[in-house]
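Fold and contact review
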Amino acid sequence: MANSSRPRIWKPVPILMYHNVLPRAVPSLSKHLYVTRAAFEWQMRSLRRGGYTAISFSQLYAALHDGEELPKKPVLITFDDGYKGLVENARPVLNELAVPYTVFLVSSLVGRSNEWDRDLGYPELALMDWDEIQTLEADGLAKFEAHTVTHAHLDQLNPRDCVDEIAGSRDAIEAKLGRKLDVFCYPYGHYNDAVRDVVRESGFRMAVTTTMGRVRENDGLLDLPRISIYHVPAVSLTYGLGGPNFWWRVVSNKDKRPVIA
Ligand SMILES: [Zn+2]
């Protein structure tokens, strides 16, 4: 229960945004769409060594909405799109370290591929099928949530189609998993006030964006910022060293949003 008399010190909470995890670097793929397995394992172990505790969206909700305490250094791990690469390349270390994580599914493309990226010339990458999704949920750490029916640009749709994409993905995933969904993820981070209203009316309590930043105490539950974690070589002229670059992303105050007093 909330205890408003207890003073709380809110430190911004990083929600990490991953896409795919692959065995090795793929130069033909946008670096924004994956990390290597070795980098991912290092990042998860490094967070643990750094004293971070991965939490669930329910815990984040309880903190933001009800004033519940969070662990000293909380972090959330999210994966967009539901790539099959997670099964072999992310699941082992997540299970070993007992890290809860959230995967956002494109409901009509489960068991297919990232067809929405075809026009951009990216290689097609397999998405998890329902058997794999149910296996990962049965591990007790993965939660699958919604990312529209077709990976739509929601801000460009008429209201009817917007409802179909948002409520439609919720209905399809809830029917398969037999539980209520809680969190929505805007494809491309594209949304506006009308889209946010549809997300709320469709029954989601929280939604994540691609806005760069860590979650502040007064952030809207349907406007949660994230920190994109993408492929950075172990040594790079642009990024320096991959490890320090990761930590700089997690802990820095790089946040383009205005400070609201
Ligand atoms: Zn996506």
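Please read all numbers here as calculations on a predicted model, not as lab measurements. The residue count restarts for each chain, going from 1 along the sequence in the order it is written. Only residues with pLDDT of at least 70 are given local features in this predicted model, and only at 80 or more are side-chain atom pairs given and counted; all residues enter the totals for whole chains, interfaces and linings.

Details of the overall build of the protein
Secondary structure elements are defined from DSSP: runs of H or I of at least 4 residues count as helices, runs of E of at least 2 residues count as strands, and each element is numbered from the N terminus. Scanning the protein from N- to C-terminus turns up eight helices and 12 strands. Taking the principal axes of its C-alpha atoms as reference, the protein extends roughly 50 × 45 × 35 Å. Looking at the protein as a whole, 36% of its 261 residues are labelled buried. Expressed as a percentage of contacts within the protein between residues at least 6 apart in sequence, the contacts between residues at least 24 apart total 60%. Residue burial here comes from a neighbour count, namely the number of other C-beta atoms, placed from the backbone, that lie within 10 Å of the residue's own C-beta, with 20 or more meaning buried, 12 or fewer meaning exposed, and in between meaning partly exposed. Residue pairs are scored as contacts if the distance between their C-beta atoms, which are placed from the backbone, is within 7 Å.

Quick word on the pairing of strand β9 (residues 206-212)
As a general feature of sheets, a regular strand has side chains that alternate between the two faces. DSSP-based pairing: two strands are paired if at least 2 bridges between them are found. Bridging between strand β8 (residues 183-185) and β9 involves three bridges; their strand directions are parallel. Bridge pairing in β9 places Phe184 opposite Ala207. By convention, a crossover is right-handed whenever its connection, traced from the first strand over the helix to the second and viewed with the strands pointing away, goes clockwise. In this view, the connection linking β8 to its parallel neighbour β9 by way of helix α7 (residues 193-201) has right-handed handedness.

A closer look at the pairing of strand β7 (residues 142-146)
The buried fraction of β7 amounts to five of the five residues, a majority that puts the element mostly inside the structure. Side chains of β7 alternate between two faces, with Ala142, Phe144 and Ala146 and Lys143 and Glu145 buried alike. In this structure, strand β6 (residues 101-105) lies alongside β7, joined through five bridges in parallel fashion. Bridge pairing in β7 places Leu105 opposite Ala146. Note that the unit made of β6, helix α5 (residues 130-138) and β7 has a crossover that is right-handed.

With respect to the environment of Ala62
Mapped onto the elements, Ala62 comes out in helix α2 (residues 57-66). Through-space distance from the C-alpha of Ala62 to that of His147 is 22 Å; in sequence the pair is 85 residues apart.

Details of unusual backbone geometry
Look at Asp81: it is not a glycine, yet its phi comes out positive at around 85°. With respect to the helices and strands, the residue Asp81 is situated in strand β5 (residues 74-81). Exposure remark for Asp81: the 25 C-beta atoms within 10 Å place this residue in the buried category. If you check the backbone angles, Tyr188 has positive phi at about 60° while not being a glycine. One can find Tyr188 in the loop between β8 and α7. Judged by C-beta crowding, with 14 C-beta atoms within 10 Å, Tyr188 ranks as partly exposed.

Considering helix α6 (residues 159-177)
By this rule, a helix spans an expected 1.5 Å times one less than how many residues it contains. When the terminal C-alpha atoms of α6 are compared, their 27 Å separation across 19 residues agrees well with the 27 Å that a helix rising 1.5 Å per residue should span. Inspection of α6 places Cys162, Glu165, Ile166, Ser169, Arg170 and Ile173 among the buried residues, and these make up the whole buried set. If you follow the buried residues of α6, they end up packed against β6, β7, β8 and α7. Following α6 by one or two positions, Gly178 adopts a phi angle in the positive range, close to 70°.

Some points on the environment of Ile229
In this fold, Ile229 is placed in the loop between β10 (224-228) and β11 (235-236). Exposure remark for Ile229: the 22 C-beta atoms within 10 Å place this residue in the buried category. For the pair Ile229 and Ala207, spaced 22 residues apart in sequence, the C-alpha to C-alpha distance is 18 Å. The residues contacting Ile229, other than those within four sequence positions of it, are Leu16, Met17, Tyr18, Val35, Phe246 and Arg249.

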